[in-house]
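# Residue-level structure breakdown
The lines below spell out each chain.
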Amino acid sequence: MKSVAHPLRLRAGADDSGMTLIEVIVAISLIGIIASAAIGLSITSQKGASVQQRQQIAVTIATEAMERVSAQSAATDPSTLMSYLYEGRTKAKVEVAWNANFGVKGLAETYMGWDSGAVAASVPDLPISQTVNRTGTDYTVYTLLGTCYMSTSGGDCKKLAASIPPATPPTGQTPLNRVIVVVRWNAGSGCAASGCSYLVSSLVDAHSDLQWNSP
């Protein structure tokens, strides 16, 4: 007796013919969402890195400006009775720089300083303002100089009651030079409408002997 081989019959639904159109659309959508999130994170990271890089450059520029001040003698020029720090600084140019930095910490407690003998063509030994370009970004650097008075017993260095510096320091008060370096730039989304800024300040004592914090 011969056996008859019957062809196999697949049950309904057992045929896996591939992904349906809906499954393909869902898969593409998920891939798109994941890719968009990754791109957004990458862009945010790059922006953050750019903001940090510009901030670090501003710190470097401010440090360089302060080093130039430190290299300049703060002694008094006998011909002008002013510190050498102010040489070549005209009152007009100094006023422009101070007005551009109105509200900067320390300015309100500092008497504006300039060279009374300077003329429009004078070139300051220490630039009042200048623009430098680093990695494609312009930075405006202001080096603001003035005087303030500190009690010989210590405390803050600030203006006295008078609106102008006294000809002779009052008893118990000694004049110091205040240096404020402000670096400003306006680039990238990390800056506000008024731009970004970095500030560093220091006090310079021109006396040969320490006059403050004395016992």
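Reading guide: rules and limits
Residues numbered from 1 in each chain as written. Predicted model: local features only at pLDDT ≥ 70, side-chain atom pairs only at ≥ 80, totals over all residues. Heavy atoms only, no water. Helix = DSSP H or I, 4+ residues; strand = E, 2+ residues; numbered from the N terminus. Buried < 20%, exposed > 50% of the residue type's maximum accessible area, 1.4 Å probe, protein only. Contact = heavy atoms within 4.5 Å. Areas by Shrake-Rupley, 256 points an atom, 1.4 Å probe, with all protein chains shown as cover. Disulfide = S-S within 2.5 Å. pLDDT = per-residue confidence, 0-100.

Right, let's talk about the overall build of the protein chain for a bit. Scanning the protein chain for helices and strands turns up two helices and seven strands. A buried classification covers 28% of the 215 residues belonging to the protein chain. Within the protein chain, residue pairs in contact and separated by at least 24 positions form 67% of the contacts whose partners lie at least 6 positions apart. About 14,000 Å² of surface is accessible on the protein chain, with carbon and sulfur atoms providing 58% of the total.

Turning our attention to the state of the cysteines. Under the criterion given, the structure shown has two disulfides. Across the disulfide from Cys148 sits Cys157; the S-S distance is 2.0 Å. Residues Cys148 and Cys157 are joined by a disulfide whose S-S torsion is about 100°; by sign, that bridge is right-handed. Across a sulfur-sulfur distance of 2.1 Å, Cys191 and Cys196 are joined as a disulfide pair. Residues Cys191 and Cys196 are joined by a disulfide whose S-S torsion is about -120°; by sign, that bridge is left-handed. Judged by its relative accessible area of 13%, Cys191 is buried. Accessibility expressed as a relative area gives 16% for Cys196, which makes it buried. Shown here for the protein chain is a disulfide pattern of 1-2, 3-4, where each number marks a bonded cysteine counted in sequence order.

Per-residue pLDDT for the protein chain averages 84, and the proportion of residues at 70 or more is 81%. The spread of mean pLDDT over the elements of the protein chain runs between helix H1 (residues 21–71), the lowest at 80, and helix H2 (residues 91–100), the highest at 97.

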